[in-house]
Amino acid sequence: PPRVHAMYCAMEARALARQGDSHACAVAMNEAEDFFMRGTDGEEPSWIQYFDSAELHDEFGHCLRDLHQPAAAVREAERALESSDPVYPRSRTFSRLVLVSADLQRGEVERACATATAALDLVVRLRSFRVRRYVQDVVTQLSSFIGNPAVESFRQHLRETVGTAFE
């Protein structure tokens with residue numbers, strides 16, 4: 001079915017982005033978008049219903065972040081957040097943390113810290129290993145900006161919210 005094919009293409013795009021192959025990633029992203037648009041709600045298997053436009057844009061945000069195209073990654077992460085359903089808090093958290101990473105790549109430290117701080121409330125409730133790994137990645141990225149007041153404020157909120165596990 002088209003949306004299943006779109007999901008597989010999006011996964012391929014993510015793998016290609018991690019390998020740094022921007023051209024092949026773009027091809028896979030285009031194919032994912034094309035197949036996604038061919039899908040029809042209600043005609044896809046029930047297990048793929050979670051793969052909505054927010055999920056597609058989130059996947060693209062991951063790809064573009066990994067390819068160090070932060071402006072495009074921010075646009076995709078914001079599109080994912082704008083169109084996502086609050087019943088998927090874990091997916092929304094991933095999108096927020098991709099947005100944080102992309103903002104840090106752009107040098108938007110204050111904005112990144114504000115988004116990361118807002119995401120922490122969900123991180124605590126989710127109890128997801130994968131979400132915690134994303135937070136650890138953000139903490140690692142922020143280590144380049146130690147001394148920045150926004151970073152120090154985020155680190156303090158992190159300690160208060162989740163303890164010292166990320167230090």
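Residues numbered from 1 in each chain as written. Predicted model: local features only at pLDDT ≥ 70, side-chain atom pairs only at ≥ 80, totals over all residues. Heavy atoms only, no water.

Undergrad: Explanation requested: the overall build of the protein chain in the structure shown.
TA: For the protein chain, the count of helices and strands is eight helices and zero strands. Ordered by position in the sequence, the α and β elements of the protein chain form the string α-α-α-α-α-α-α-α. For 167 residues, the compact-globule estimate of 2.2 N^0.38 gives 15 Å, and the protein chain sits close to it at 16 Å. Per-residue burial for the protein chain yields a buried fraction of 47% across its 167 residues. Put simply, the protein chain has 19 plus and 25 minus side-chain charges, and the middle of one group is 5 Å from the middle of the other. (Helix = DSSP H or I, 4+ residues; strand = E, 2+ residues; numbered from the N terminus. Rg over C-alpha atoms; globule rule 2.2 N^0.38 Å. Buried < 20%, exposed > 50% of the residue type's maximum accessible area, 1.4 Å probe, protein only. Lys, Arg positive; Asp, Glu negative; His and termini not counted. Charge placed at Lys NZ, Arg CZ, Asp CG, Glu CD.)

Undergrad: It is not clear to me how helix α6 (residues 109–126) should be interpreted in this structure. Could you clarify?
TA: Every α-helix winds through 3.6 residues per turn, so residues three or four apart in the chain are directed the same way. When the terminal C-alpha atoms of α6 are compared, their 25 Å separation across 18 residues agrees well with the 26 Å that a helix rising 1.5 Å per residue should span. Of all the bends found along α6, the most pronounced is centred on Leu120 and spans about 35 degrees. Regarding α6, the residues found buried are Val109, Ala112, Cys113, Thr115, Ala116, Ala119, Leu120, Leu122 and Val123. Buried residues belonging to α6 abut α5 (89–106), α7 (129–142) and α8 (149–162). Where α6 ends, the next residue or the one after it, Arg127, has phi of about 55 degrees, a positive value. (Expected span 1.5 Å × (residues − 1). Bend = angle between axes of the 7 residues up to and from the residue. Contact = heavy atoms within 4.5 Å.)

Undergrad: Looking at this structure, I do not really get the pattern of salt bridges. What am I missing?
TA: Think of it this way: side chains of opposite charge can pair up when their charged atoms draw near. Taken as a whole and assessed by the stated rule, the structure comprises eight salt bridges. With a closest N to O distance of 2.6 Å, Arg38 and Asp34 form a salt bridge. In this pair, Arg38 and Asp34 are both assigned in helix α2 (residues 22–38), four residues apart and thus about one turn of the helix distant. As a salt-bridge pair, Arg111 and Asp103 come within 2.6 Å of each other at their nearest N and O atoms. (Salt bridge = Lys/Arg side-chain N within 4 Å of Asp/Glu carboxyl O.)

Undergrad: Please clarify how the environment of Glu55 should be interpreted in this entry.
TA: Tracing the backbone shows Glu55 in helix α3 (residues 53–66). For the pair Glu55 and Arg96, spaced 41 residues apart in the sequence, the C-alpha separation amounts to 12 Å.

Undergrad: Any chance you could explain the environment of Ala150 here in plain terms?
TA: With respect to the helices and strands, Ala150 occurs in helix α8. Sequence separation of Ala150 and Thr40 is 110 residues, and the distance between their C-alpha atoms is 44 Å.

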